[in-house]
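Chain and residue survey
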Amino acid sequence: IWLYRRLQRTDELLPRLTEVWRARSDVRLRSHLRFSIRISLDKNISNLFYILPVMLLGSLAPLRVAGHYKIAFSYIQLLGRFMGAISRLLQVQLPQSLVVGAERLRVHFRQSTVWSGLASAGATIVAAAAAAPLIEFVYGPSYLAAALVVYALVPFAVASGFAVGIGPVFRALDRVQNLIYTNAATLAILTPVGYVFIARWQEIGAAMLVDLYALVSTAVSLLVLRRHFRRISGA
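Now for a quick tour of the structure. The structure presented is a predicted model; accordingly, all values stated were derived computationally and were not measured. Every chain is numbered on its own, with residues counted from 1 as its sequence reads. Local features in this predicted model are restricted to residues whose pLDDT is 70 or higher, and side-chain atom pairs enter the listing and the counts only when it is 80 or higher, whereas totals over whole chains, interfaces and linings include all residues. Think of the side-chain values as coming from all heavy atoms in the structure, minus any hydrogens and water.

A closer look at the overall build of the protein chain
The helix and strand tally for the protein chain stands at eleven helices and zero strands. Numbering of helices and strands runs from the N terminus, with a helix taken as a DSSP run of H or I at least four residues long and a strand as a DSSP run of E at least two residues long. If you list the helices and strands of the protein chain from N to C, you get α-α-α-α-α-α-α-α-α-α-α. A principal-axis box enclosing the C-alpha atoms of the protein chain has dimensions of 65 × 50 × 30 Å. Burial status follows relative accessibility: with a 1.4 Å probe on protein chains alone, a residue under 20% of its type maximum counts as buried, one over 50% as exposed, and anything between as partly exposed. Counting the 235 residues in the protein chain, one finds 38% classified as buried. For the protein chain, the proportion of contacts with a sequence separation of at least 24, taken over those separated by at least 6, is 77%. Only the protein chains shown count as cover for residues, and all accessible areas are computed by the Shrake-Rupley method using a 1.4 Å probe. Roughly 14000 Å² of accessible area belongs to the protein chain as shown, and the carbon and sulfur atoms make up 65% of that amount. In this charge count, Lys and Arg are treated as positive and Asp and Glu as negative; neither His nor the chain ends contribute. Each charge is placed at NZ for Lys, CZ for Arg, CG for Asp and CD for Glu. For the protein chain, the distance from the average position of its 25 positive side-chain charges to the average position of its 10 negative side-chain charges is 6 Å. The contact definition used throughout considers only heavy atoms, calling two residues in contact when any of these lie within 4.5 Å.

Here it is, written out as structure tokens:
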């Protein structure tokens, strides 16, 4: 409270604590909590896309093999750091676009999807080409097998680039539950398939499972969004 009061004196946008208390009955707390819980649930389900392959690999393959996969996934995820920054910016931009109109939201989402996807594809090709020498330099020749896993993770990295605006646009439309259903169904259907992949091809199978998660989830989410855009534009 003391820190907030100090900040409030220097920032005119922050309301006084007395104003917050008087306005407490006007806030739709239940609605905000439902929205926040949906976002949290969606993030945790999405994290399972990355956690489950590692868990399955740890139970079905030697520790050395799991280490190869972990190195490869961490390497390819370096691109995801930049995509994550773009996604956070879109969380602000896309709701503003919706205020202007449904068509503006659709155009901005399409632009961000196409350009982020193309940028991710280009960066992924460069990263994959440099994977073998970089991994050998950092970890030594005994870990060169991780480079093969990087190549297998290329579809995942490219699909992640095209999916950068999916979470923010579902939040802007207040349809996060659709994303939860899509990702939960993707996990339920593809995880048994991935179990077979990992049992047969180990770290490459784990990479194939992550690829499937990303490709299917992104494709289905884009189809659902297409229906929502038609609905809000009256088409």
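Some points on the environment of Pro-15
Within the fold, Pro-15 resides in the loop between helix 1 (2–10) and helix 2 (17–22). Between the C-alpha atoms of Pro-15 and Tyr-4, which are eleven residues apart in sequence, the distance is 9.8 Å. With residues up to four places along the chain from it excluded, the contact list for Pro-15 reads Tyr-4, Gln-8 and Val-20.

Describing the environment of Leu-144
Structurally, Leu-144 can be placed in the loop between helix 6 (102–139) and helix 7 (145–152). Using a relative accessible area of 32% as the deciding quantity, one classes Leu-144 as partly exposed. In this structure the C-alpha to C-alpha distance between Leu-144 and Ala-131, which are 13 residues apart in sequence, comes to 8.9 Å. Setting aside residues up to four positions removed in sequence, Leu-144 forms contacts with Ala-132 and Glu-136.

Observations regarding the nonpolar core
In this structure, Leu-57, Tyr-69, Phe-73, Ile-76, Val-150, Leu-153 and Tyr-213 are the most contacted members of the largest nonpolar core, which totals 39 residues. Those elements that provide at least two residues to this core are helix 3 (29–60), helix 4 (63–76), helix 6, helix 7, helix 8 (154–162), helix 10 (176–201) and helix 11 (203–233). If you tally residues by element for this core, the top one is helix 4, at eight residues. Throughout this description, the term nonpolar core refers to a set of buried Ala, Val, Leu, Ile, Met, Phe, Trp, Tyr and Cys residues connected via side-chain atoms within 4.5 Å. Formed by 15 residues, the second largest nonpolar core is a distinct cluster that contains Phe-109, Leu-173, Leu-179 and Val-224.

Considerations on a nonpolar patch on the surface
On the surface, a cluster of nonpolar side chains totalling about 390 Å² of accessible area is made up of Val-27, Leu-29, Leu-33 and Ile-37. Relative to the elements of secondary structure, Leu-33 occurs in helix 3. Residue Leu-33 is classed as partly exposed on the basis of its relative accessible area of 47%. Note on patches: the residues involved have over 30% relative accessible area and no salt bridge, like charges join within 9 Å, and the nonpolar side chains Val, Leu, Ile, Met, Phe, Trp and Tyr join within 5 Å. Any carboxyl oxygen of Asp or Glu that lies within 4 Å of a side-chain nitrogen of Lys or Arg is treated as forming a salt bridge with it.

What about helix 10?
Side chains that are three or four residues apart share a direction in an α-helix, a result of its 3.6 residues per turn. In this scheme, a helix's expected span is set at 1.5 Å multiplied by one less than its residue total. Compared with an ideal rise of 1.5 Å per residue, which puts 26 residues at 38 Å, helix 10 spans 35 Å between its outermost C-alpha atoms and is within 8% of the ideal. Bend is the name given here to the angle between axes fitted to two runs of seven residues, the run ending at a residue and the run starting at it. The largest bend in helix 10 comes to about 35 degrees, at Leu-190, with the proline Pro-192 one to four residues further on. Where helix 10 terminates, the next one or two residues include Gln-202, which has phi positive at roughly 55 degrees.

A closer look at the side chain of His-228
Within the element layout of this structure, His-228 appears in helix 11. Contact partners of His-228, with chain neighbours within four places excluded, come to Phe-170, Leu-173, Arg-175 and Asn-178.

What to know about the pattern of salt bridges
Scanning all chains against the criterion turns up one salt bridge. The closest approach of N and O atoms between Arg-106 and Glu-103, which form a salt bridge, is 2.2 Å. Of this pair, Arg-106 and Glu-103 are both found in helix 6, three residues apart, which corresponds to roughly one turn of the helix. Taking the relative accessible area as the measure of exposure, Arg-106 reaches 23% and is therefore partly exposed.

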